Amino acid sequence: MTELIRIDPKAPEIPDIERAVGYLKDGQVIAYPTETIYGLGADVLSRKAVKRIYDLKSRDYGLPISILVSDLKMLREVVSEVSDGALRLMRKFWPGPLTILFNASEAIPKGLVTNTNKIGIRMSSHPVASAIVAAFGHPVTTTSANLSGFPPSLSVKHVQKYFGERLSCIVDGGECNPSKGSTVVDLAEHSMRIIRDGAIPADEIIKCFQG
């Protein structure tokens, strides 16, 4: 049976955050709010938990999943390099809806990366999501809480419609505002490519990257 944990996004209570984190530590999958949509969270380093997300979403195993980090130290543990250009974008747009593709380190399970060993990473500006990742102490997956190919979830009702009682825990942080989702950029090749338009306009990103 799915546990529903209601958390005030304006003032997340530590005991509630720890309850949600407990599921991650047990290798379970949770749904949680971000600044764009509801996401599915699992321990990035747990192959079993990551596989569970693919199965829940009916997602092709060849499609990578992005992750959340809470700080630069956590980022450096899962990527091979952080370029000066990446640092400029992070200082300007993190925390926030910008996903950056990095070259993954050997710590990341192969199921999460592209066939060229890239992984999408961002730092959430949502108080609940950021608190969960910080309290967990490791990166957490951040794929949309929906069935593959279907619209994203903006509320707990949407999550429940997709997954019923198949999730261990849903963190209810209220409704998300309609959003384009995160902008995705590829910095893994020491240049920059806009992979997906999103909440942050491409021209702002290009201007910042060029310094």
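Check the entry above for the structure.
Everything numeric in this text was worked out from a predicted model, so none of it was measured.

Parameters and conventions
- All residue numbers here refer to positions counted from 1 along the written sequence of the relevant chain.
- Only residues with pLDDT of at least 70 are given local features in this predicted model, and only at 80 or more are side-chain atom pairs given and counted; all residues enter the totals for whole chains, interfaces and linings.
- Heavy atoms throughout the structure, all of them, feed into the side-chain values; hydrogens and water do not.
- Accessible area is worked out with a 1.4 Å probe on protein chains only. A residue is then buried under 20% of its type maximum, exposed over 50%, and partly exposed in between.
- Secondary structure is summarised from DSSP: a helix means a run of H or I of at least four residues, a strand means a run of E of at least two, and numbering begins at the N terminus for each.
- By the convention used here, residues are in contact when the closest approach between their heavy atoms is within 4.5 Å.
- The pairing criterion for strands is at least two bridges between them, as found by DSSP.
- For every element, the axis is a line fit to its C-alpha atoms; helices are fit only across the contacting stretch, and the angle between N-to-C directions ranges from 0 to 180 degrees.

With that out of the way, let us pick up unusual backbone geometry. In this structure, the amide linkage connecting W94 to the following residue, P95, adopts the cis form with an omega of -10 degrees. Even without a glycine there, the phi angle at S58 is positive, about 55 degrees. Here S58 falls in the exposed class, since its relative accessible area comes to 59%. The phi torsion at H190 lies on the positive side, around 65 degrees, for a residue other than glycine. Along the polypeptide, H190 turns up in the loop between β10 (183-186) and β11 (193-196). For H190, a relative accessible area of 57% puts it in the exposed group.

Glancing now at the side chain of S155. Positionally, S155 belongs in the loop between β8 (143-144) and α6 (156-163). Residues in contact with S155, not counting those within four places in the same chain, are Y38 and E175.

Among the structural elements, F102 can be located in strand β5 (residues 98-103). Classification of F102 by relative accessible area gives buried; the value is 3%. A C-alpha to C-alpha distance of 9.8 Å links F102 and L75, two positions 27 residues apart in sequence. When near neighbours in sequence (up to four residues on either side) are disregarded, F102 contacts L75, V79, E81, V82, A86, M90, W94, N117, K118, I119, I121 and A188.

Here we come to the sheet that holds strand β3 (residues 38-41). Taken together, 5 strands build an open sheet; the order of strands is β1-β9-β2-β3-β8 and the sheet is mixed. Both edges of this open sheet fall to β1 (3-6) and β8, since each of them pairs with a single strand only. Bridge analysis of β1 against strand β9 (residues 169-172) gives 4 bridges, and the strand direction is parallel. Paired with R6 across the two strands is D172, which belongs to β9. Here α6 sits on the sheet in contact with β1, β2 (30-33), β3 and β9, set at roughly 165 degrees to β9.

As summarised here, the arrangement of the 6 strands in space is β7-β4-β6-β5-β10-β11, forming an open sheet in which the pairing is mixed. Looking along the sheet, the strands with just one partner apiece sit at the ends: β7 (140-141) and β11. In the sheet, β5 pairs with strand β6 (residues 118-122) via 4 bridges, with the strands oriented antiparallel. The residue of β6 that forms the bridge with L101 is G120.

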